[in-house]
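Spelled out from the first residue to the last, the chains are:
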Amino acid sequence: MVSRVLIIGACGQIGSELTNTLRIQLGVDNVIASDIRESNEALVASGPFEIIDAKDFEDIKKNVLKYNVDTIYLMAAMLSATGEKYPEKAWDLNMSSLFNVLNLAKENTVKKVFWPSSIAVFGPSTPKINTPQQTVMEPTTVYGITKQVGERWCEYYFNNYGVDVRSIRYPGIISWKTLPGGGTTDYAIDIFHKAISDGHYDCFLTKSTALPMMFMEDAVKATLDIMKANTNDVKIRSSYNLSAISFTPQELADEIAKQIPEFTISYTPDFRQKIADSWPNSIDDSSARQDWNWNHSYDLEAITNEMLLQLKEKAIS
Ligand code: SER
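**Here's the deal with the sheet that holds strand β3 (residues 49-51)**
So, step 1. In space, the 6 strands of this open sheet follow the order β3-β2-β1-β4-β5-β7, with parallel pairing throughout. Two strands lie at the open edges of the sheet, namely β3 and β7 (164-166), each paired on one side alone. In this sheet, adjacent strand axes meet at a mean angle of 20° when their direction is disregarded.
So, step 2. Pairing of strand β1 (residues 5-8) with strand β2 (residues 31-35) involves 4 bridges; the strand directions are parallel. Residue pairing across strands places Leu 6 opposite Ile 32, the latter belonging to β2.
So, step 3. Contacts from helix α3 (residues 57-67) reach β1, β2, β3 and β4 (71-74) within the one sheet, and its direction differs from that of β3 by about 155°.
So, step 4. Here helix α8 (residues 216-228) sits on the sheet in contact with β4, β5 (112-114) and β7, set at roughly 155° to β5.

Structural data, given as structure tokens:
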């Protein structure tokens, strides 16, 4: 039987691309997209769409039953930078949405859950280079706290209620189709837009701030790979470290300048610098590579080429 999935937060940066890929793989009618509002016209028009408040258990359940959904991807969340402005709202949204989905799986209304964690689970006391899967985790952002606590609850629901929940710790995700909102790693997308429109970018992080990053295609592949993996191969039920590349704003600017030689960059760090400084520079994801054969495809050069090509095309169309 073909799986029928519900994506909560489908209009967002990752949700929108996950929806498109799943619609190709499972058939349009087997992928129900939902969000708190219709903020992505193309996505809303591309197949079944429902307005769902991720904080509302009954709202989610009603739609799960209506469409006979067996799998939920919970992609709604308030990210790191916005979370620091609205700490209580971030806690409320990120935790209540997770409990709603875990509880639907606990009562067997759905069979499988994907929930993203993040490099934000780590903090200043975590080893920064090749951060291990299991290590000190003392996150300092509200977003990071919700992700760390969420990981504990995922593992708890797996151990105590047999809930098949799967999770990965996304690094910064670089994409050109849908803009991210409110993250600390967003600079790595803004920079491409500004390089094309203005030939200059004023970066909100210092030039030497290295962060783990990944191209969207790789992030979607990882998400679908862990969801397709045999149950017994998913050995970690909190969340898997996941990594592709790491770079600094200066390294990214140098790569862009290879294609746009007149491109210039300046640095005006703001409150997001402190967040970035608390996160790892690079991640050891050998568990994901070993357990469910994770492998990334895009390096910095390939990402830069693809971003500039696609955004230039978008600008003229
Ligand atoms: N990209 C996210 C952020 O910057 C990290 O998961 O908040």
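**Quick look at the pairing of β4**
Look at any regular strand and the pattern is simple: side chains alternate between the two faces of the sheet.
So, step 1. Covered by surrounding structure in β4 are Thr 71 and Tyr 73 together with Ile 72 and Leu 74, the residues of both alternating faces.
So, step 2. Sheet analysis places β1 next to β4, joined by 4 bridges and oriented parallel. Bridge assignment links Ile 7 to a residue of β4, and that residue is Tyr 73.
So, step 3. Note: β4 against β5, 3 bridges, orientation parallel. Residue pairing across strands places Thr 71 opposite Lys 112, the latter belonging to β5.

**Examining the site of the ligand**
So, step 1. Around the ligand, the neighbouring residues are Leu 79, Ser 80, Ser 118, Tyr 143, Gly 183, Thr 184, Thr 185 and Trp 279.
So, step 2. For the ligand, whose unbound accessible area comes to 240 Å², protein coverage reaches 93%.
So, step 3. Class assignment of the residues belonging to the shell around the ligand gives a composition of 3 nonpolar, 5 polar and no charged.

**Remarks on the pattern of salt bridges**
When the charged atoms of two side chains with opposite charge come close together, those side chains can pair.
So, step 1. Enumeration according to the criterion identifies 13 salt bridges in this entry.
So, step 2. The shortest N-O distance in the salt bridge between Lys 66 and Glu 50 comes to 2.8 Å. One end of the pair, Lys 66, is in helix α3; the other, Glu 50, is in strand β3, and 16 residues separate them in sequence.
So, step 3. For Lys 66, a relative accessible area of 55% gives the class exposed.
So, step 4. Here Asp 270 ties to Arg 272 by a salt bridge, and the two come within 2.6 Å at their closest N and O atoms.
So, step 5. For Asp 270, a relative accessible area of 27% puts it in the partly exposed group.
So, step 6. Bridged by salt links that share partners, the residues Asp 164, Arg 166 and Arg 237 form one connected network.

**Here's the deal with the packing of helix α7 (residues 187-197) against helix α9 (residues 249-259)**
So, step 1. As a packed pair, α7 and α9 sit with axes 11 Å apart at the nearest point and diverge in direction by 30°. On the basis of their axis angle, the class for α7 and α9 is roughly parallel. The element α7 and its partner α9 pack so that their crossing is right-handed. Taking contact as the criterion, the partners of Tyr 187, Ala 188, Ile 191, Phe 192 and Ala 195 in α7 are, on α9, Pro 249, Leu 252, Ala 253 and Ile 256.
So, step 2. In terms of residue class, the contact of α7 with α9 is made up of 9 nonpolar, no polar and no charged.

**So, the nonpolar core**
So, step 1. Ile 174, Tyr 187, Phe 192, Phe 247, Leu 252 and Met 307 are the most contacted members of the largest nonpolar core, which has 37 residues in total.
So, step 2. Elements with a minimum of two residues in this core: α7, β10 (200-203), β11 (211-215), β13 (245-247), α9, α10 (272-277) and α12 (300-316).
So, step 3. Here the element with the most residues in this core is α7; it accounts for 6 residues.
So, step 4. Discounting residues that sit within four places of it in the chain, Ile 174 has contacts with Gln 13, Ala 188, Ile 189, Phe 192, Met 213, Met 214, Phe 215, Met 216, Phe 247, Ile 303 and Met 307.

**Some thoughts on the sheet that holds strand β9 (residues 172-174)**
So, step 1. Pairing within the open sheet is mixed, and its 3 strands lie in the order β9-β11-β13. Edge positions in the sheet fall to β9 and β13, since each has one partner strand and no second. Put simply, the sheet's adjacent strands are angled 45° from each other on average, direction ignored.
So, step 2. Relative to the sheet, α8 contacts β9 and β11, its axis offset from that of β11 by approximately 85°.

**Describing the side chain of Ser 175**
So, step 1. You can see Ser 175 is positioned in the loop between β9 and α7.
So, step 2. With relative accessibility at 2%, the residue Ser 175 sits in the buried group.
So, step 3. A polar atom in the side chain of Ser 175 sits 3.1 Å from the side chain of Gln 13.
So, step 4. Of the polar contacts made by the side chain of Ser 175, one reaches the backbone oxygen of Thr 178; its length is 3.5 Å.
So, step 5. The residues touching Ser 175, leaving out its near neighbours within four places in the chain, are Gln 13, Glu 17, Ile 189, Met 216 and Met 307.

Criteria and thresholds
Residues numbered from 1 in each chain as written. Predicted model: local features only at pLDDT ≥ 70, side-chain atom pairs only at ≥ 80, totals over all residues. Heavy atoms only, no water. Pairing = 2+ DSSP bridges. Helix = DSSP H or I, 4+ residues; strand = E, 2+ residues; numbered from the N terminus. Axes fitted to C-alpha atoms, helices over the stretch in contact; angles between N-to-C directions. Contact = heavy atoms within 4.5 Å. Buried < 20%, exposed > 50% of the residue type's maximum accessible area, 1.4 Å probe, protein only. Near = heavy atom within 4 Å. Areas by Shrake-Rupley, 256 points an atom, 1.4 Å probe, with all protein chains shown as cover. Nonpolar A, V, L, I, M, F, W, Y, C, P; charged D, E, K, R; others polar. Salt bridge = Lys/Arg side-chain N within 4 Å of Asp/Glu carboxyl O. Parallel < 35°, antiparallel > 145°, perpendicular 65-115°, else oblique. Left-handed = near helix turned anticlockwise from the far one by under 90°. Core = buried A, V, L, I, M, F, W, Y, C linked by side-chain atoms within 4.5 Å. Polar contact = N/O pair within 3.5 Å; in protein donor to acceptor, adjacent residues only side chain to side chain.

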